[in-house]
Amino acid sequence: MVVNSLNFLLFFVVVFIVYYIPISKNTPKLQNTWLFLTSYVFYGIADWKMIPLLMGTTVVYYGLGLWLKTEMEKDNTRIASNITTMAVILGICILLYFKYLNFFAESFIQLFNGIGLQVSWSTLNIVLPIGISFFTFKLISYIIEIHREHIQPCTDFIEFGVYIAFFPTILSGPIDRPNKFIPQLKRKRYFNFDLAIDGSRQILWGMFTKMCIADNLATATDSIWTDISSQSGSTLLLISFLYPIQMYADFDGYSNMAIGIGKLLGINVTKNFNHPFLSQNIAEYWRNWHISLTKWLTDYVFLPLNIAFRKMKKYGIIFAILINFVLIGLWHGANWTFALFGLYHGLLYIPIILSGSLGKKKKLHTNKYGLPKRKDFLNMIGTYCLVSLGLIIFRANSVFEALKYIKGIFSASIVSLPIIGGSSVYLGFLFAICLLFVDWIYKSRDYPMQQEANNTGLLNLKISDFIIVTFIILFGNIESKQFIYFQF
Amino acid sequence: MKKYIINIVIIVIYSVLFIGLYNILSTKILSVYYGLTTKQQIDKQFADLTSQRDSIECIYLGSSKFYHGINPNLLTPCGYNFGHDNDSYNQMYYKLQYVRNCCPRLRRVVICFDYVSFCVFSETRNYIYHNYFPDEYSQDYSKNFYNNYVYPYLIGTKNLPKIIVSIFNEHSIPPPCLTKKGQYITYEEAHKDDYVKYCTDIYDLQISYFNKIVKYCQDHHLECILVGMPNRDGEYWNYDKDFIEKMNSIIYNAQKDYSCVYLNYIRDKELLDVNLFSDVSHLNQYGADLFSRKLNIDIKKFNDY
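The shown structure was predicted, so the numbers you read here are calculated from the model rather than taken from an experiment.

## Concerning the overall build of chain A
Argument step 1. Secondary structure assignment for chain A yields 17 helices and zero strands.
Argument step 2. Here chain A has a C-alpha radius of gyration of 23 Å; the compact-globule value for 488 residues is 23 Å, and the two agree.
Argument step 3. Projecting the C-alpha coordinates of chain A onto the three principal axes gives extents of approximately 70 × 70 × 45 Å.
Argument step 4. Within chain A, the proportion of its 488 residues that are buried is 43%.
Argument step 5. For chain A, the proportion of contacts with a sequence separation of at least 24, taken over those separated by at least 6, is 75%.

## Some details on the pairing of strand β6 (residues 223-228) of chain B
Residue and element names in this part refer to chain B.
Argument step 1. One ladder, built from five bridges, connects strand β3 (residues 108-112) with β6; its direction is parallel. In the strand pairing of β6, cysteine 112 is matched with valine 227.
Argument step 2. Taken together, the four bridges between β6 and strand β7 (residues 261-264) define a ladder with parallel strand orientation. The residue bridging leucine 226 from the neighbouring strand is tyrosine 262, located in β7.

## With respect to the interface of chain B and chain A
Argument step 1. With 20 residues of chain B at the interface, the matching set in chain A holds 20 residues.
Argument step 2. Elements with a minimum of two residues in the side of chain B that touches chain A: α1 (2-34), α7 (145-155) and α8 (160-168) of chain B.
Argument step 3. With 10 residues, the single largest contributor to the side of chain B that touches chain A is α1(B).
Argument step 4. Residue composition of the side of chain B that touches chain A, by class: 16 nonpolar, three polar and one charged.

## So, the environment of Ala258(A)
All names here are of chain A.
Argument step 1. Along the chain, alanine 258 falls in helix α9 (residues 233-264).
Argument step 2. As a C-alpha pair, alanine 258 and valine 399 span 141 residues in sequence and 33 Å in three-dimensional space.
Argument step 3. Excluding residues within four positions of it along the chain, alanine 258 makes contact with Pro168, Thr169, Pro174 and Val269.

## As for the packing of α9(A) against helix α16 (residues 423-441) of chain A
Residues and elements named next belong to chain A.
Argument step 1. Look at α9 against α16: their axes get within 10 Å of each other, and the N-to-C directions meet at 75°. As judged from the angle between their axes, α9 and α16 are roughly perpendicular. Across from Leu242, Ile245 and Ala249 in α9, the residues of α16 making contact are Phe429, Ala432 and Leu435.

## Thoughts on helix α11 (residues 241-258) of chain B
Argument step 1. Taking 1.5 Å per residue as the helical rise, α11(B) with its 18 residues ought to reach 26 Å, and the 25 Å between its terminal C-alpha atoms agrees with that figure.
Argument step 2. Downstream of α11(B) by one or two residues, Ser259(B) has phi in the positive range, about 55°.

## A short note on the domain arrangement of chain A
Residues and elements named next belong to chain A.
Argument step 1. Each assigned domain of chain A is listed here: domain 1 (21-190) and domain 2 (194-487).
Argument step 2. Domain 1 and domain 2 are separated by 26 Å when their C-alpha centres are compared.
Argument step 3. In terms of residue class, the side of domain 1 that touches domain 2 is built from nine nonpolar, six polar and five charged.

## A look at the sheet that holds strand β2 (residues 80-81) of chain B
Residues and elements named next belong to chain B.
Argument step 1. One open sheet holds the five strands; their spatial order is β2-β1-β3-β6-β7, and the pairing between them is parallel. The outermost strands of the open sheet, each flanked by one partner alone, are β2 and β7.
Argument step 2. Of the strand pairs in this sheet, strand β1 (residues 58-61) and β2 are connected by two bridges, and their pairing is parallel. Looking at β2, one finds that tyrosine 60 is bridged to asparagine 81.

## Description of the nonpolar core
Residues and elements named next belong to chain A.
Argument step 1. Ranked by internal contacts, the top residues of the largest apolar core, which has 64 residues, are Ile213, Leu217, Leu242 and Ile245.
Argument step 2. Sorting the residues of this core by element identifies α1 (6-19), α8 (193-226), α9, α13 (336-354), α14 (374-395), α15 (399-409), α16 and α17 (463-475) as the ones contributing at least two each.
Argument step 3. Excluding its chain neighbours within four sequence positions, the residues that come into contact with isoleucine 213 are Ile245, Ala249, Gly428, Phe431, Ala432 and Leu435.

## Quick word on the packing of α8(A) against α9(A)
Residue and element names in this part refer to chain A.
Argument step 1. Axis separation between α8 and α9 bottoms out at 7 Å; the angle between their running directions is 155°. As far as their axial angle goes, α9 and α8 are roughly antiparallel. Remark: the crossing between α8 and α9 carries left-handed chirality.

## Regarding the environment of Ser31(B)
Residue and element names in this part refer to chain B.
Argument step 1. Relative to the helices and strands, serine 31 resides in helix α1.
Argument step 2. Under the C-beta neighbour-count criterion, serine 31 is labelled partly exposed, with 13 such atoms within 10 Å.
Argument step 3. Residues serine 31 and proline 176, spaced 145 residues apart in sequence, show a C-alpha to C-alpha distance of 9.4 Å.
Argument step 4. Contacts of serine 31, omitting those with residues within four sequence positions, involve Leu36 and Thr37.

## Observations concerning the confidence of the model for chain B
Argument step 1. Per-residue confidence for chain B gives a mean pLDDT of 89; residues scoring 70 or more make up 98%.
Argument step 2. The ipTM value of the predicted complex is 0.83, and its pTM value is 0.81.

Definitions and limits used
Residues numbered from 1 in each chain as written. Chains lettered and ligands numbered in written order. Predicted model: local features only at pLDDT ≥ 70, side-chain atom pairs only at ≥ 80, totals over all residues. Helix = DSSP H or I, 4+ residues; strand = E, 2+ residues; numbered from the N terminus. Rg over C-alpha atoms; globule rule 2.2 N^0.38 Å. Buried ≥ 20, exposed ≤ 12 C-beta atoms within 10 Å, placed from the backbone. Contact = placed C-beta atoms within 7 Å. Pairing = 2+ DSSP bridges. Nonpolar A, V, L, I, M, F, W, Y, C, P; charged D, E, K, R; others polar. Axes fitted to C-alpha atoms, helices over the stretch in contact; angles between N-to-C directions. Parallel < 35°, antiparallel > 145°, perpendicular 65-115°, else oblique. Expected span 1.5 Å × (residues − 1). Domains from an automatic or database assignment. Core = buried A, V, L, I, M, F, W, Y, C linked by C-beta atoms within 7 Å. Left-handed = near helix turned anticlockwise from the far one by under 90°. pLDDT = per-residue confidence, 0-100.

Here you go:
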């Protein structure tokens, strides 16, 4: 069930109405139970066969959380550490089994066969559970946060179940952290007009970026990527520059819709993007792109590694960054292209680390016309180009295909006019350019349509709301294309 | 909550009104440049067929290749061209049933043997066909409310670029027209390098409907003639040896089991000239006339009407 589909709209209307029905005993527990049930229904519609896995892991981690707390209260630090280690290993094993087992087995066999050792392995028929990368990370962070004494374990299983399976975020994130999410479930959520209007606008903006930009651009990028060899260098170059915007519009669109739905239910969901294409270097880009994943890995992988390698000073940081980014890459899927994508971004950090500007946030300077100053603008363009190159590796089905694509760009036909047909592509391109401008103009807002609440009159609609609705009707791709991050 | 619902209702009303008004206006503008809409074409075909029901002895069923490429006025007996863009064998089967119930003098059925029709399972016109076909037709499709009832109305709103291009472009060619005998005539010109890419995955369902059609003809004592329409290089390259062998076996079985006649013009050099086509796949008016005359002669060779 795609979030921008009619089926989801009908599903959500039912969820929303029942959620706020003024029953006298409408305690947070009732609201949470309703969210728990509907989240499982939502997940079941997407992949009902995996409900036992979701439920099973939720039960196990709920129990581990309570056990961990008991041991911590008894000051059994060794047992507490062992429980945490066990929980982390279990989470990794679940991911390894469902997502990476066949990939690593096949890679090792190729390696062994390459050096003359004959090894055989029949590939297991493992079905990848939808959203596994997202809910496994939530499970792991829950145990680590208890161990770090940042949170108390949930005593209410339903509360914990809602945190793991919350339907707007289970399939494609953002990856909420327990210390921010679970406390919200403890209080009763009242309908808040301002928050609901804000959430609805954010959903509308998400639909606009997904349907008018990402899906229209997808018609071009998908067809070009299926037939690389017959494309001119200029076409491949143009598509490589359009793909980052398509990814951004797609994933940010989903995140905005998830956050908006959360707001309608009175729950704040973690922000996932912060105008990434205004970043002036790769480090800043990653602070603004898929924030919930980057922050998760920074907290639980990079920082512990950085501490472990602290004697190596800058080289220790480089080493920690490289490991962190290879993991970020592999999180997306079992393919060497993802590992290479991560490594590529890790390598781009090296000059930043060596120059000592890793943690520094560069301030954007504007000229008298309100546009970015030349140096800042060139930095943004440079960062965008590096991201575009990385996403060629990301989008390719194999390293060989990525190399073929890059080789194709630098062919003699790079000086020809790009050939991309179809009005939807031109529309997508036009809106993509507009998106970057809008991002710049409204960089202080969470999303461009965000406005000050004005709860005085009966109507709270702005002209921009009608314009965006009109754009979606006229230019939105209505084929209900799946979100790119759904596959991860 | 009440205030919020009022705001949402206003947006919904605006959207519905906008879509409705836009569809009405855009249809009017586009029909000036592009002729009838798909719905208007299909409705007109059914209306025309019904109005000529007492004189129709022969029906031509097929995909767009027939729709564009058969001029019933040049064939004896004069029948009705009931083909349409993207029609595949399931639609042809239900059209055949409709025609048989509607036209008491029907005795010949000419079916387009089009490779593409075995690889297509289109649902984009179901919102129109639902009005004419029995409920059985819908059972092959998923009962998707969006696809059946919402999508058809939303898709009409996606033609703004076409409208803009139409208004600002100089129109040197007249809009297409649908003749009283069901032939769709377009005035575009084909190019030497035209090509099209098709998915060549065959639907078993379409094979079964193809067999149902030929069996239906036999059961109801209708003469069944299968016709392979000309395929230019830009289309024929899609099909490999295995695919063509599979198609040959289907046609062989139809001939063997149901005594159908097969007239194969797929690679007829006389009919592959670029000047006979309006695009990569469809014959133009001149090509359709030439083809229809040739088909008429060939049918007469084995069956003197």
